[in-house]
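Residue-level structural notes
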Amino acid sequence: MALDWLIGTNLPQFWKNYLAHFEKEEKQEVHKRYVVFDMETTGLNWREDVILSIGAIGINDNAIEIRDFFEIFIRQEKFNPQSIAFSGVFKDEEEKYVEAEAMIQFLNFIQDATLVSHNINLDIEMINLALKRLELGRLKNAFMDTNALYQRWQHHVEDTQVSLDEVCDALKINKSDRLTASGNAYITALVFLKLKAKLGF
């Protein structure tokens, strides 16, 4: 089905609502909201692979907001269960949404928060590609990479790649929740808060 909402006033309301968060005049914000997220995907090639699930959690005032939580599973026609990035944790009883609905819900959740993830560039590009399939623009949110923050703390060169498990070990963070996108998001949130405190921002 052709999508024509990019033409003139035919932009979908959810996209208008999302963009409106970035068009407001600067407002006094006592606490900045971060959204830490993780995705399960069919692989690590952002041009060809697709998103299977997204888990996200909000951080306000240097505290994880358990109630500020998002999780969604996406129905995809094609994926390889043997993929490196495929965790095998998906169960048939999980309610799955089409990709368009998942993107709508994700945008409604993140609003104008600063996005945080580990090796975030892949995640951002995969979401942007999903938005492109809907004939929409790219994410407007600022974003931060916990891998880059870790490298800054360790005084390493910025393009060094370290796994989330290695960062957890270095920061003495329990990795028992690393089974799903939402579990990974929670662990990454703990990593982010520790690095945020160590780097003093």
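Residues numbered from 1 in each chain as written. Predicted model: local features only at pLDDT ≥ 70, side-chain atom pairs only at ≥ 80, totals over all residues. Heavy atoms only, no water.

Concerning the overall build of the protein chain
- Secondary structure assignment for the protein chain yields 6 helices and 6 strands.
- Ordering the α and β elements of the protein chain from the N terminus gives α-β-β-β-β-α-β-α-β-α-α-α.
- At a minimum sequence separation of 6, the contacts of the protein chain that also span at least 24 residues come to 66%.
- Carbon and sulfur atoms make up 49% of the accessible area of the protein chain, which amounts to about 11400 Å² in all. (Helix = DSSP H or I, 4+ residues; strand = E, 2+ residues; numbered from the N terminus. Contact = heavy atoms within 4.5 Å. Areas by Shrake-Rupley, 256 points an atom, 1.4 Å probe, with all protein chains shown as cover.)

Notes on the environment of Phe70
- Following the sequence through the fold, Phe70 ends up in strand 3 (residues 63-74).
- For the pair Phe70 and Phe109, spaced 39 residues apart in sequence, the C-alpha separation works out to 7.2 Å.
- Not counting the four nearest positions on each side in its chain, Phe70 is found in contact with Ile54, Gly55, Ala56, Ala102, Gln105, Phe106 and Phe109.

Observations concerning helix 5 (residues 164-171)
- Within the sequence span of helix 5, burial applies to Leu164, Val167, Cys168 and Leu171. On an axial view of helix 5, the arc spanned by its buried residues comes to 100°, and they lie on one face.
- Looking at the buried residues of helix 5, the elements they touch are helix 4 (146-154) and helix 6 (181-199).
- In the segment just after helix 5, Lys172 is the residue with positive phi, at about 60°. (Buried < 20%, exposed > 50% of the residue type's maximum accessible area, 1.4 Å probe, protein only. Arc of directions from axis to C-beta.)

Looking at the environment of Glu77
- Inspection of the secondary structure puts Glu77 in the loop between strand 3 and strand 4 (96-97).
- Separated by 21 residues in the primary sequence, Glu77 and Val98 have C-alpha atoms spaced 9.7 Å apart.

Quick look at the pairing of strand 3
- With 8 bridges connecting them, strand 2 (residues 51-60) and strand 3 associate as antiparallel partners. Each residue of the ladder has a partner; that of Asn60, found in strand 3, is Ala63.
- If you look at the hairpin formed by strand 2 and strand 3, you'll find 2 residues sitting between the two strands, and Asp61 has a positive phi there, around 55°.
- Here strand 3 runs beside strand 4; their pairing, made up of 2 bridges, is parallel. If you follow Phe73 over to strand 4, its bridge partner there is Lys96. (Pairing = 2+ DSSP bridges.)

A few points about the side chain of Arg33
- Mapped onto the fold, Arg33 is located in the loop between helix 1 (13-23) and strand 1 (34-41).
- Since its relative accessible area comes to 18%, Arg33 is described here as buried.
- At 3.1 Å, the side chain of Arg33 forms a polar contact with the backbone oxygen of Ile110.
- Aside from chain neighbours lying at most four places away, what touches Arg33 is Ile59, Asn60, Asp68, Phe109, Ile110, Gln111, Ala113 and Thr114. (Polar contact = N/O pair within 3.5 Å; in protein donor to acceptor, adjacent residues only side chain to side chain.)

With respect to the confidence of the model for the protein chain
- Scored by pLDDT, the protein chain comes out at a mean of 86, with 83% of its residues at no less than 70.
- Looking over the protein chain, one finds the lowest element-wise mean pLDDT in strand 4, namely 92, and the highest in strand 5 (residues 114-117), namely 98.
- A low-confidence stretch, residues 83-89 stays under pLDDT 50, and its non-local contacts, those more than four residues away or across chains, total 17 contacts. (pLDDT = per-residue confidence, 0-100.)

A word on the side chain of Asp38
- Mapped onto the secondary structure, Asp38 falls in strand 1.
- The exposure class assigned to Asp38 is buried, which follows from its relative accessible area of 13%.
- At 3.2 Å, the side chain of Asp38 forms a polar contact with the side chain of Asn184.
- Excluding residues within four positions of it along the chain, Asp38 makes contact with Ser53, Ile54, Gly55, Ala181, Asn184 and Ala185.

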